[in-house]
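# Observations on the three-dimensional arrangement
So the chains spell out like this:
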Amino acid sequence: MSGGKSLQPTKYAEHRYKISAPIDFDVAVNYGGALMAIAGADGELAEKEFQWYIDEQELLFVDSTEYIETLRKFDWKNASIEDMLSGIKYDFPLNFRRSMLYQAIKMSRADGVYQEKEKAAVAKAAEILGIDRSMVISIESLAEMEEATERLRLALFETEV
């Protein structure tokens, strides 16, 4: 149990995801654990996948050190996506289910390969979260467009892509 611990959002969190209130520590661990289980559905949670999530958390929360250390110890290989996703509720002014799926897709793609088992885990999570297939495709397409836009930006500025 968190013992009342919470994660304090940054200005970036408010800008990016409209998170303006503290997030319960245990709920955040459940959320992060679910993302790790999805990204690791291919049997491996690649360092680049986990690093993507760490980088995101460092931007979103004022002091994410304890949270990140807790996730490093999290047994994602034996975690049940169903158990972790059932009952998760965030009080955000945005659709946290879609946001969660977006982060799962971004994390799964962070190593440069979106494996079929990761896609299947995303689809399973979407079903549990009540997100229809067309929305999953839209979110996956958004992630692809963001990656293409990032490569274009780097190429325009003559940096290594």
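Residues numbered from 1 in each chain as written. Predicted model: local features only at pLDDT ≥ 70, side-chain atom pairs only at ≥ 80, totals over all residues. Heavy atoms only, no water.

Per an unreviewed UniProt entry, the chain is named Co-chaperone DjlA N-terminal domain-containing protein, and its organism is Okeania hirsuta.

## Thoughts on the side chain of E140
Position of E140 among the secondary structure elements: in helix α8 (residues 133-156). R133 provides the closest opposite charge to the buried, unpaired E140, separated from it by 4.3 Å. (Helix = DSSP H or I, 4+ residues; strand = E, 2+ residues; numbered from the N terminus. Buried < 20%, exposed > 50% of the residue type's maximum accessible area, 1.4 Å probe, protein only. Lys, Arg positive; Asp, Glu negative; His and termini not counted. Salt bridge = Lys/Arg side-chain N within 4 Å of Asp/Glu carboxyl O.)

## Let's talk about the packing of aromatic side chains
Counted under the stated rule, the structure contains 2 aromatic pairs. These aromatic residues form a ring-pair network of at least three members: F25, Y53 and Y67. The ring of F25 is capped by K5, whose NZ or CZ atom sits 4.6 Å from the centre of that ring. (Phe/Tyr/Trp six-rings, centres within 6.5 Å; stacked < 30°, edge-to-face > 60°. Lys NZ or Arg CZ within 6 Å of the ring centre and 35° of its normal.)

## Thoughts on the nonpolar core
Residues Y53, Y67, L85, M100, L101 and M107 are the most contacted members of the largest nonpolar core, which totals 48 residues. Contributing elements (two or more residues each) for this core: α1 (11-17), α2 (25-39), α3 (47-60), α4 (65-72), α5 (81-85), α6 (96-109), α7 (116-129) and α8. In terms of residue count, the dominant contributor to this core is α2 (10 residues). Leave out the neighbours within four places in its chain, and Y67 touches L7, F25, A28, V29, G32, Y53 and Q57. (Core = buried A, V, L, I, M, F, W, Y, C linked by side-chain atoms within 4.5 Å. Contact = heavy atoms within 4.5 Å.)

## Digging into the packing of α6 against α8
One way to put it is that α6 packs onto α8 with a least axis distance of 10 Å and a crossing angle of 50°. Judged on the interaxial angle alone, α8 and α6 are oblique. Of the two possible hands of crossing, α6 and α8 adopt the one that is right-handed. In this structure, α6 contributes R98, L101, Y102, I105, K106 and R109 to the contact, and α8 contributes M135, V136, I139, E140, L142, A143, E144, E146 and E147. (Axes fitted to C-alpha atoms, helices over the stretch in contact; angles between N-to-C directions. Parallel < 35°, antiparallel > 145°, perpendicular 65-115°, else oblique. Left-handed = near helix turned anticlockwise from the far one by under 90°.)

## A closer look at the environment of L101
Checked against the element boundaries, L101 lands in helix α6. Residue L101 is classed as buried on the basis of its relative accessible area, which comes to 1%. As a C-alpha pair, L101 and E140 span 39 residues in sequence and 9.0 Å in three-dimensional space. Sequence-distant contacts of L101, defined by excluding residues within four places in its chain, comprise V122, A125, A126, I131, V136 and I139.

## Some details on the packing of α2 against α6
Viewed as axis vectors pointing N to C, α2 and α6 meet at an angle of 45°, and their least axial separation amounts to 9 Å. Compared by their axis directions, α2 and α6 come out oblique. In terms of crossing hand, the pair formed by α2 and α6 is right-handed. Where α2 abuts α6, its residues Y31, A34, L35, M36, I38 and A39 lie against S99, M100, Q103, A104, M107 and S108. By residue class, the composition of the contact of α2 with α6 is 9 nonpolar, 3 polar and no charged. (Nonpolar A, V, L, I, M, F, W, Y, C, P; charged D, E, K, R; others polar.)

## As for the environment of E147
In this fold, E147 is placed in helix α8. A polar atom in the side chain of E147 sits 2.8 Å from the side chain of R109. (Polar contact = N/O pair within 3.5 Å; in protein donor to acceptor, adjacent residues only side chain to side chain.)

## Let's talk about α2
Between the first and last C-alpha of α2 there are 21 Å, a value that for 15 residues agrees with the 21 Å anticipated at 1.5 Å per step. Along α2, the residues classified as buried are F25, A28, V29, Y31, G32, G33, A34, L35, M36, A37, I38 and A39. Its side-chain oxygen placed 3.0 Å from the backbone nitrogen of D26, D24 serves as the N-cap of α2. (Expected span 1.5 Å × (residues − 1).)

## Observations concerning unusual backbone geometry
The backbone of K18 shows a phi angle near 65°, a positive value even though the residue is not glycine. Structurally, K18 can be placed in the loop between α1 and β2 (23-24).

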